[in-house]
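Remarks on the overall topology
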Amino acid sequence: MTISKLDAALQYASWGWPVFPLVALRKNPATPDGFYDATTDTDKIRDWWAKNPEYNIGIPTGEVSGIVVFDIDPRHNGDESWKAFQLELGNVPDESICQLTAGGGEHYIAKWYEGLKSCHPRPGIDFLSTGNYFVASPSFVIPTKDGTIESARTYEWEASGDPTDGAMPFSIPEPWRVALAVKKVISNASDSPLICGSRNVGLTAMGGLMRHGGFSGAEIYAALSKANEDRCEIALPDSEIRQIAQSVSRYTPDHDVGASAALGDAAAESILNDQPKHPLAVFVDYDMGHIPAQEYVLDGLIQSGVVLIAGSAGAGKTT
């Protein structure tokens, strides 16, 4: 039996899952504040879907709804990562809620645990907690691939994991919670520091700088993904990294360092010139053939400026 999007939204609200409308055929929020507008107020929900019965359904994850989502994306090797994840840490409990996504992947719904933040634990796996949302059945979207619009695809509950038939969010096993709570530690002091706060802002700044230099969206995404994995104390979901790369790629680059030999040479020279110098190079810059006459602050006894005293150990330099 096909259920309308309004009826589905009201049903989710009755379970204590706040909902909010998404643009029809898209994943984008249809309200100004997105998932912050999510509610279980039936009057508000009816009003939204009365304006557009084709609105898709968004549900925020984390504390507000009490549920989190393991988002498996096979297009980025998520299916293999998910198998390895379960082989290492244990399987998803039976009769857990599972949704088949429009991208050919799965959403596994679990109970929210305080302290577990959104992250990207494995390639193709996003863990969505507070600050994120997911698209819920019976929403459908029209995905694009390489700029080409494909046919609409539906989000639907998997037959054995349908919450309308009694499937429940599962409790995240202890080994999973430990793995998801692990924070990165950079052991080499010479490495770049961790990004512990404002991760989105920091990675957006990095992406903007790359776009300024002419990098493509794919190059920016690859670089930000690596920085996200290596430098963010808790990695952002891959979907956010893609969104950052797409956002900064909308801007016209000022120049293309990679395609311009002149700009490339100038950039390389600038980098080399910016390398830190030995402290003595700042103070001792004499042409050995034209050493200037010494000036004294105390005649014949104390010279002005910086004086380098050299000699073997025990020769009396300290004195």
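Structure first, text after, so check above.
To keep things clear, this report deals only with the structure shown in the data block. Just so we're clear, the structure is a prediction, and the values are computed from it rather than from any experiment.

**Regarding the overall build of the protein**
Of the regular secondary structure elements, the protein holds nine helices and 15 strands. Looking at the 319 residues of the protein, the share that counts as buried comes to 34%. For the protein, the proportion of contacts with a sequence separation of at least 24, taken over those separated by at least 6, is 70%. Accessible surface computed for the protein: about 18900 Å², of which carbon and sulfur atoms make up 54%.

**Section: the pairing of strand 5 (residues 106-111)**
Summarising the sheet, strand 3 (residues 67-72) and strand 5 pair through six bridges and their orientation is antiparallel. By the bridge assignment for strand 5, Val69 is matched with Ile109. Sheet topology note: the strand 4 (residues 97-100)/strand 5 ladder contains four bridges and is antiparallel. Bridged to Ile97 within strand 5 is Ile109. With antiparallel pairing between neighbouring strands as the criterion, strand 4 and strand 5 make up a hairpin whose turn holds five residues, including Gly104 at a positive phi of roughly 90°.

**Details of the packing of helix 1 (residues 5-14) against helix 2 (residues 42-51)**
Interaxial distance between helix 1 and helix 2 falls to 10 Å at its minimum, and their mutual angle equals 160°. Here helix 1 is positioned roughly antiparallel relative to helix 2, judged by the angle of their axes. Crossing of helix 1 over helix 2 shows right-handed handedness. Residue-level contacts link Lys5, Leu6, Ala9, Leu10 and Ala13 of helix 1 to Thr42, Ile45, Arg46 and Trp49 of helix 2. Classifying every residue of the contact of helix 1 with helix 2 gives six nonpolar, one polar and two charged.

**A few points about the packing of aromatic side chains**
Here a ring pair, both rings aromatic, is described through the centre-centre distance and the interplanar angle of the planes. Within this structure, the stated rule accounts for 19 aromatic pairs. Taken together, a centroid distance of 6.5 Å and an interplanar angle of 45° make the contact between Phe70 and Phe85 tilted. On the criterion of sequence distance, the pair formed by Phe70 in strand 3 and Phe85 in helix 3 (residues 78-89) is long-range, its members being 15 residues apart. Owing to a relative accessible area of 0%, Phe70 belongs among the buried residues under this scheme. Look at Trp82 and Phe85: their rings are 5.7 Å apart centre to centre, the planes differ by 5°, and that puts the pair in the stacked class. With Trp82 and Phe85 both in helix 3 and three residues apart, this pair spans about one turn of that helix. Within the aromatic cluster, the residues linked to one another by ring pairs are Phe70, Trp82, Phe85, Tyr108, Phe127, Phe170 and Trp176. The lysine or arginine in question, Arg177, covers the ring of Tyr113, its NZ or CZ lying 4.4 Å from the ring centre. If you follow Arg242 out to its NZ or CZ, it ends over the ring of Tyr221, 4.1 Å from the centre.

**Comments concerning the pattern of salt bridges**
Side chains that carry opposite charge are capable of pairing whenever their charged atoms lie near each other. Enumeration according to the criterion identifies six salt bridges in this entry. Across the salt bridge formed by Lys51 and Asp47, the nearest N and O atoms sit 3.7 Å from each other. Note that Lys51 and Asp47 are positioned in helix 2 at a spacing of four residues, about one turn of the helix. The exposure class assigned to Lys51 is exposed, which follows from its relative accessible area of 60%. Notably, a salt bridge pairs Arg177 with Glu174, separated by 2.4 Å at the nearest N-O pair.

Cut-offs used in this document
- Residues numbered from 1 in each chain as written.
- Predicted model: local features only at pLDDT ≥ 70, side-chain atom pairs only at ≥ 80, totals over all residues.
- Heavy atoms only, no water.
- Helix = DSSP H or I, 4+ residues; strand = E, 2+ residues; numbered from the N terminus.
- Buried < 20%, exposed > 50% of the residue type's maximum accessible area, 1.4 Å probe, protein only.
- Contact = heavy atoms within 4.5 Å.
- Areas by Shrake-Rupley, 256 points an atom, 1.4 Å probe, with all protein chains shown as cover.
- Pairing = 2+ DSSP bridges.
- Axes fitted to C-alpha atoms, helices over the stretch in contact; angles between N-to-C directions.
- Parallel < 35°, antiparallel > 145°, perpendicular 65-115°, else oblique.
- Left-handed = near helix turned anticlockwise from the far one by under 90°.
- Nonpolar A, V, L, I, M, F, W, Y, C, P; charged D, E, K, R; others polar.
- Phe/Tyr/Trp six-rings, centres within 6.5 Å; stacked < 30°, edge-to-face > 60°.
- Lys NZ or Arg CZ within 6 Å of the ring centre and 35° of its normal.
- Salt bridge = Lys/Arg side-chain N within 4 Å of Asp/Glu carboxyl O.

Distances and angles like these do not, on their own, reveal function.
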